[in-house]
Amino acid sequence: MSGHLITLINGDGIGKEVIPAARRVLEALDLPLTFQDADAGFGTFERSGDALPPETIRLCEASDSILFGAAQSPLSKVAGYRSPILRLRQHFDLFANLRPAVGNGVDLLIVRENTEGMYSGRERLEDGGATAILERVITARASERITRAACEQAQRRRRKLTIVHKANVLKETCGLFRQTALMVTSAYPDLAVDELLVDTAALKLVQDARPFDVLVTTNLFGDILSDLAAGLTGGLGLAASANVGSGQIGVFEPVHGSAPDIAGQGTADPRAAILSAALLLDHLGYADQAARVRAVTYATPHTGSTAATTAGIIAALPTA
């Protein structure tokens, strides 16, 4: 197998600690991987005026995939700032967000549409700022390709797919998503397909998430349900994600955020970043090594030290 070039973006906060930890794990596998570093995040924006500089985009375009740490997200609008993760998703058309949740007897995958919905950026103020308007965009094209991606994931797992929506209230937007998803799944007769309203799905996940296999849903619903699932399976310290599309390049990231309250203390849990690196390995075709990294990482408790937890995982890899 030919080698692969990985672009590492530490980003903000604990990203500067967990991405180097993930790199050390990848290097311990003795694979034909090479690495390059690039800058992005709110700190980059403060230094250069651009959270995702053109040079970073160029480096990402020249690589096989990207491992991204964390980006600080201001709670209020900052003129000129745009999320670098959202921009990377848009630039490479990474329409599928994959969020595995494993632990406490649960093994599920949430496949979230990544390009539209309530995160389409269509917001505006009216009435002199007294009214805020958000447009939710759902297209048949995006609904079709995210459902197809979810079906392909389900075929590699336990062959069960749950379509999550709110079509009883959002009759046009969720109605289109539901109708399109059911049309796509009809071409996969070997899958067991059901559907749930999003609030019912949340309830059932909390009651007993073990029967779930793959869930497919729209952008905001997937964002919320995937964090809920993380809370059921060990928390954000184990929450990895993949952003993938139809091309080779993907963006893989832990979803815990920049955690500025603990940044620089050496205590950040690196396992979500390492599990994201395992998803990257899967994407590049290193399935056996990805499985080893996952097995060891899930079996290794966080010691409270980034370096010690990383060292423990590396030490266990040869026997996995």
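Residues numbered from 1 in each chain as written. Predicted model: local features only at pLDDT ≥ 70, side-chain atom pairs only at ≥ 80, totals over all residues. Heavy atoms only, no water.

> Which parts of the structure should I look at to understand unusual backbone geometry?
Most peptide bonds are trans, and most residues other than glycine sit at a negative phi. Although it is not a glycine, D93 sits at a positive phi angle of roughly 55 degrees. Along the chain, the position of D93 falls in the loop between α4 (84-91) and β4 (96-103). On the basis of relative accessibility, which here comes to 29%, the residue D93 falls in the partly exposed class. A positive phi is found at A259, a non-glycine position, where the angle reads about 45 degrees. Relative to the helices and strands, A259 resides in the loop between β12 (251-254) and α9 (271-284). (Helix = DSSP H or I, 4+ residues; strand = E, 2+ residues; numbered from the N terminus. Buried < 20%, exposed > 50% of the residue type's maximum accessible area, 1.4 Å probe, protein only.)

> Even after reading the chapter, I still don't get the nonpolar core, so can you show me in this structure?
As a rule of thumb, soluble globular proteins bury nonpolar side chains together. Within the largest apolar cluster, 55 residues are counted, with the highest numbers of intra-cluster contacts made by L67, V111, V216, L281 and V293. Top contributing element to this core by residue count: α9, with nine residues. Aside from chain neighbours lying at most four places away, what touches V293 is V25, L29, I274, A278, L281 and L317. Residues A38, I66, A71 and L88 belong to the second largest nonpolar core, which totals 20 residues. (Core = buried A, V, L, I, M, F, W, Y, C linked by side-chain atoms within 4.5 Å. Contact = heavy atoms within 4.5 Å.)

> Honestly, the pairing of strand β7 (residues 131-134) in this entry has me stumped. Any pointers?
Consecutive residues of a regular strand have side chains that alternate between opposite faces of the sheet. Bridge analysis of strand β6 (residues 123-126) against β7 gives four bridges, and the strand direction is antiparallel. Bridge pairing links R124 to I133 in β7. What sits between β6 and β7 in their antiparallel hairpin is a turn of four residues, with D127 showing a positive phi close to 55 degrees. (Pairing = 2+ DSSP bridges.)

> How do you make sense of the packing of α9 against helix α10 (residues 287-299) when you look at a structure like this?
Between two packed helices, what matters for the description is the angle formed by their axes and the separation of those axes. For the pair α9 and α10, interaxial distance at closest approach is 8 Å and the crossing angle is 165 degrees. Overall, the two elements α9 and α10 adopt an arrangement that is roughly antiparallel. Every pair of crossing elements has a handedness; the one defined by α9 and α10 is left-handed. Taking contact as the criterion, the partners of R271, I274, L275, A278, L279, L281 and D282 in α9 are, on α10, A287, Q289, A290, V293, R294, T297 and Y298. (Axes fitted to C-alpha atoms, helices over the stretch in contact; angles between N-to-C directions. Parallel < 35°, antiparallel > 145°, perpendicular 65-115°, else oblique. Left-handed = near helix turned anticlockwise from the far one by under 90°.)

> Is there a simple way to think about the sheet that holds β4 in this case?
Strand pairing within a sheet occurs via backbone hydrogen bonds; the two strands may be parallel or antiparallel. If you trace the ten strands from one edge of the open sheet to the other, you get β2-β1-β3-β12-β11-β4-β5-β10-β8-β9, paired in mixed fashion. Because the sheet does not close on itself, it has two edges, and the strands there are β2 (33-38) and β9 (192-197). This sheet shows a mean twist of 20 degrees between the axes of neighbouring strands, independent of strand direction. The strands touched by helix α1 (residues 15-28) within the sheet are β1 (4-11), β2 and β3 (65-70), with β1 carrying the most contacts at an inclination of about 155 degrees. Lying on the sheet, helix α6 (residues 173-185) is in contact with β8 (160-165), β9 and β10 (214-217); it crosses β8 at an angle near 165 degrees.

> In this structure, what is going on with the state of the cysteines? I would like to understand it.
In a disulfide, the sulfur atoms of two cysteines are held together by a covalent bond. For the structure shown, the criterion picks out zero disulfides. Its sulfur unpaired, C151 is 17 Å from the next cysteine sulfur, which belongs to C174. C151 sits in the buried class, given a relative accessible area of 0%. (Disulfide = S-S within 2.5 Å.)

> Just checking my understanding: could you explain the pattern of salt bridges for this structure?
A pair can form between side chains of opposite charge whenever their charged atoms are brought close. Summed over the entire model, instances satisfying the criterion amount to 20 salt bridges. Residue R210 is joined to D208 by a salt bridge in which the shortest nitrogen-to-oxygen separation is 2.9 Å. Judged by its relative accessible area of 53%, R210 falls in the exposed class. On the basis of relative accessibility, which here comes to 29%, the residue D208 falls in the partly exposed class. Counted as one network, the salt bridges with shared partners bring together D107, R157, R158 and D213. (Salt bridge = Lys/Arg side-chain N within 4 Å of Asp/Glu carboxyl O.)

> Can you walk me through α6 in this structure?
Compared with the 18 Å implied by 1.5 Å per residue over 13 residues, the 19 Å span of α6 between its first and last C-alpha is a close match. Residues of α6 that are buried include every one of C174, G175, F177, T180, A181, V184 and T185, and no others. Its buried side turned inward, α6 meets α5 (140-155), β8, β9, β10 and α8 (219-232). (Expected span 1.5 Å × (residues − 1).)

> Which parts of the structure should I look at to understand the environment of G304?
With respect to the secondary-structure elements, G304 resides in the loop between α10 and α11 (306-316). Between the alpha carbons of G304 and T267 there is a distance of 5.2 Å; along the sequence they are 37 residues apart. G304 has contacts with G266, T267 and T309, leaving out every residue within four places of it along the chain.

> Which parts of the structure should I look at to understand the packing of aromatic side chains?
Within this structure, the stated rule accounts for three aromatic pairs. With a centroid separation of 5.2 Å and 75 degrees between ring planes, the pair formed by F42 and Y81 is classed as edge-to-face. Of this pair, F42 sits in helix α2 (residues 42-48) while Y81 is found in the loop between β3 and α4, placing the two residues 39 residues apart along the sequence. On the accessibility criterion, F42 (11% relative accessible area) is buried. Between the aromatic rings of F45 and Y81, the centroid separation amounts to 5.4 Å while the plane-to-plane angle is 75 degrees, which identifies the pairing as edge-to-face. Of this pair, F45 sits in helix α2 while Y81 sits in the loop between β3 and α4, placing them 36 residues apart in sequence. For F45, a relative accessible area of 12% gives the class buried. (Phe/Tyr/Trp six-rings, centres within 6.5 Å; stacked < 30°, edge-to-face > 60°.)

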